[in-house]
Amino acid sequence: MAVADLSKLLADGVRGQRILVRADLNVPIRDGKISDDTRLRASLPTLRRLLAAGARVALASHLGRPKGERKPEFSLAPVAPRLAELLGQDVAFCPECVGPEVGTALEVLGEGQVLLLENVRFHAEETQNDPAFAKALAEPFEGFVNDAFGTAHRAHASTAGVTAHIDRVAAGDLLQSELDHLRVVLEPERPLMVVLGGAKVSDKLAVLEALAPHADVLAIGGAMSYTFMAAQGKPVGASLMEAERIDDAKRILAAAEAQGRTLLLPTDHVVAKKLEAGAESRVVSEIPDGWMGLDIGPETAERYALEIAKAKTFFWNGPMGVFEIEGFDAGTKRVANAAGDTDATTVVGGGDSLAAINQIGVGDRITHLSTGGGASLEYVQGLELPGVTALER
Ligand code: ADP
Ligand code: MG
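These figures come from a predicted structure and were not determined experimentally.

Basis of the calculations
- Residues numbered from 1 in each chain as written.
- Chains lettered and ligands numbered in written order.
- Predicted model: local features only at pLDDT ≥ 70, side-chain atom pairs only at ≥ 80, totals over all residues.
- Heavy atoms only, no water.
- Domains from an automatic or database assignment.
- Near = heavy atom within 4 Å.
- Polar contact = N/O pair within 3.5 Å; in protein donor to acceptor, adjacent residues only side chain to side chain.
- Areas by Shrake-Rupley, 256 points an atom, 1.4 Å probe, with all protein chains shown as cover.
- 1 Å grid on protein atoms, 1.4 Å probe; cavity = no way out; pocket = protein on both sides within 12 Å on 5 of 7 lines; lining within 4 Å.
- Sits in = over half its atoms within 2 Å of the grid points.
- Helix = DSSP H or I, 4+ residues; strand = E, 2+ residues; numbered from the N terminus.
- Buried < 20%, exposed > 50% of the residue type's maximum accessible area, 1.4 Å probe, protein only.
- Contact = heavy atoms within 4.5 Å.

**Comments concerning the domain arrangement of the protein chain**
For the protein chain, the assigned domains are domain 1 (6–175) and domain 2 (188–380). One C-alpha centre belongs to domain 1, the other to domain 2; they are set 36 Å apart.

**Concerning the site of ligand 1**
Taken together, 19 residues lie around ligand 1, and K204, G293, E324, D352 and S353 are the ones closest in. E324 places a polar side-chain atom, nitrogen or oxygen, 2.6 Å from an oxygen atom of ligand 1. S353 has a polar side-chain atom sitting 2.5 Å from an oxygen atom of ligand 1. When the free accessible area of ligand 1 is taken as 580 Å², the share hidden by the protein chains comes to 84%. Placement of ligand 1 is best described as lying within the second largest pocket. Where the shell around ligand 1 is concerned, the elements lending two or more residues are β14 (292–296) and α14 (351–360). It is α14 that provides the largest number of residues to the shell around ligand 1, a total of three residues.

**Details of the environment of L253**
Position of L253 relative to the elements: it lies in helix α11 (residues 246–258). Owing to a relative accessible area of 18%, L253 belongs among the buried residues under this scheme. On a C-alpha basis, the gap between L253 and Q232 in space is 9.2 Å, while along the polypeptide they are 21 residues apart. Not counting the four nearest positions on each side in its chain, L253 is found in contact with F228, A231, Q232, L263 and L265.

What follows is the structure, encoded as structure tokens:
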């Protein structure tokens, strides 16, 4: 079954109709000020298309984790004026997301106008996907558009439950673009090269399990490589290591081998005794006692870069070292530049990985920067995303 698309919804006509848009407006707010409006900008294309077609749009989103309570610091109210600036038109604000106040606000909302609803997570029923709450959310609307890819892996009332009560649904442009680009990892032009890094095997266990037998080459970096090295009986010194994940690492190594896939681990390391800028560091092929691996070494970085250059499809999640600290960022830089240099389809996901890509300045040379975090990782594992399934018609 296919996900209903926005062009079809628009072609069928939305003029004068009340359309509920679930967007990801979960921006960082400090003292009532928005410090980064990337997510607001990302939600504009879908909004603009709906407004230009004459829809009466109500926007729903979560902000932070108020845990079912009306906490003022998690109010979406500060988003309305910024969104108005970006859209170049007024954005009305409704201090509720369900009930008579929404109905009243919609009555005075004209064609091509926008209303921002208050944080859906002020109601505990949102994350419980409570059917009565989902019905109340849907009640005033004739159509529903989900553009919040980052929460599509959660079966919540505003991402999944609501679609049981609205016939006309569609994926927004942002969500559709994430699906189209991430699908490339599931059905890659081969060879598919995957680089996984970051702090913990336990964070990425499911994606490692899924991609080790699927990727032609899987290269591991970051702190998680030390758990894999420990699984091979190699010394890891004082590096971050998860002893309780060694058996998982052994299973993942075996699965890759059984499928005839290549699983690469670092063969040299940048080590230090302290995790701080300016700490004395060395490049070693065997980690001595008392020293921590804080980045992949130059030989490993070169080997990974060579494999990236050979791939037709490349997926990357998780930095190769403690890239936030000068001296331990070279491995991450090398991988980022290799991703920027290749003509292959390149997809990068993960909060810290995107921060690294932007810090290094190669973002515009990557095919797709996935904003999804957890949702992206679940999707590339081949898992069903409840928020996406809910849009199938
Ligand atoms: P993402 O957000 O891209 O999914 P993660 O959150 O999994 O990435 O991992 C990023 C974190 O991993 C960074 O804070 C980085 O400093 C840390 N990290 C990477 N390599 C190491 C290492 N060798 N030792 C300690 N921390 C590391
Ligand atoms: Mg992270």
